[in-house]
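# Understanding the architecture of this molecule
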Amino acid sequence: MRINSSEIKNFLSTPESVKTIEDCISEIYPEYIQLSQNIYLSDNPGGKNHKRIPERTQLYERLYSIAEEARLEVYKFLGAETQERPSLEIRRKNLIETFTNWGYLGIYDPADKHITIFIGSYLLLNETRLLRTAIHEFSHFLQHMHWGDSVMTSESLNEFTEGHAVGVENILSLILAEKNGNQYLRYEALRDELRLLRPAYLYFSEKINHPTKYSLFYEPQDQFYLDKCYEDISTTYPLTPYQEGRAYFKVLEKTEGFSVYKRVLKDLEVNDIMVSLNLPQNNG
Ligand SMILES: [Zn+2]
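Here's a quick rundown of the structure. Since we're looking at a predicted model, the values are computed, not measured.

Reading the values: rules and limits
- Residues numbered from 1 in each chain as written.
- Predicted model: local features only at pLDDT ≥ 70, side-chain atom pairs only at ≥ 80, totals over all residues.
- Axes fitted to C-alpha atoms, helices over the stretch in contact; angles between N-to-C directions.
- Helix = DSSP H or I, 4+ residues; strand = E, 2+ residues; numbered from the N terminus.
- Parallel < 35°, antiparallel > 145°, perpendicular 65-115°, else oblique.
- Contact = placed C-beta atoms within 7 Å.
- Expected span 1.5 Å × (residues − 1).
- Buried ≥ 20, exposed ≤ 12 C-beta atoms within 10 Å, placed from the backbone.

Another aspect to go through is the packing of helix α8 (residues 183-207) against helix α9 (residues 225-235). Packed helices, taken two at a time, are described by the angle between their axes plus the distance between the axes. Interhelical geometry of α8 versus α9 gives an angle of 75° and a closest axis separation of 10 Å. Judged on the interaxial angle alone, α9 and α8 are roughly perpendicular. Counting all contacts with α8, which are made through Arg198, Pro199, Leu202 and Tyr203, the residues of α9 involved are Cys229, Asp232 and Ile233.

The next thing to look at is helix α7 (residues 158-180). In a regular helix each residue adds 1.5 Å, so 23 residues correspond to 33 Å; α7 covers 32 Å between its end C-alpha atoms and thus fits that length. A positive phi of about 60° marks glycine 181, the residue just after α7.

A separate point is helix α10 (residues 241-256). Along its 16 residues, α10 runs 22 Å from first to last C-alpha, staying within 8% of the 22 Å computed at 1.5 Å per residue. Burial analysis of α10 places 12 of its 16 residues in the buried class, the great majority of the element. Every buried residue of α10 is listed here: Pro241, Tyr242, Gln243, Glu244, Gly245, Arg246, Ala247, Tyr248, Phe249, Lys250, Val251 and Leu252. Buried positions along α10 lie against α1 (5-12), α2 (15-38), α7, α8 and α11 (260-267). Within two residues after α10, glycine 257 carries a phi angle of roughly 80°, on the positive side.

The quantities given are spatial measurements derived from coordinates; they are silent on function.
This is the structure in structure tokens:
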């Protein structure tokens with residue numbers, strides 16, 4: 001199995017892959033539009049109330065219990081055999097972090113197996129977001145346990161590791177949303193799927209001259225959404241590792257189902273990755 005950055009780009013630059021991504025977007029899109037119109041209007045428990053303000057003294061207890069729930073679900077979803085768990089810290093950003101890590105909600109640091117999750121304002125505490133971030137970071141921890149240091153620190157494998165983590169984040173969110181009847185969680189996951197898949201679809205479909213379905217970019221609340229996608233594509237990598245990685249795993253999902261995340265975690269040998277990077281296999 002070859003999984004480095006350029007292999008993933010080649011894999012996505014085919015009519016089959018582009019068509020698969022287009023089909024996935026077409027499937028998600030109508031429900032997303034429907035939900036985005038309902039979600040803030042309705043009084044359903046997963047809607048407005050997702051921003052709950054617990055008593056200050058109970059706050060961190062509540063936050064850590066949400067993260068622990070996420071950890072158990074990730075270990076189950078990925079069939080983790082390890083009992084080991086990373087250390088975890090949930091806190092607000094300090095001033096320096098506000099500038100240097102702008103936009104980061106969570107970080108997994110392989111050096112000390114430590115997860116930091118940043119929460120925003122206490123008043124706008126978003127439990128759904130915390131759950132999703134925790135799912136993502138615990139996925140990175142399990143990747144680290146299976147794939148080792150070299151994979152976690154290699155930039156040319158970013159698309160792979162982020163694609164895997166963000167795939168687990170979104171698919172598990174959809175599963176939990178279904179289980180708990182949480183429409184808001186479902187909405188967030190679908191929105192994120194589109195946020196990641198549409199730029200990838202736009203980029204690769206135009207790259208190989210596939211007839212792009214621009215209607216899939218229509219946003220009732222944001223008529224310049226397509227323009228924003230173009231801007232993003234021209235100013236980022238052109239795609240971020242998240243967008244490219246999500247598209248890659250989405251195509252794998254289509255043939256293997258959701259079990260692909262478990263399979264990849266277990267089957268992938270460090271040697272495969274070294275071969276794919278063209279590195280000497282004993283090189284740390
Ligand atoms: Zn990540």
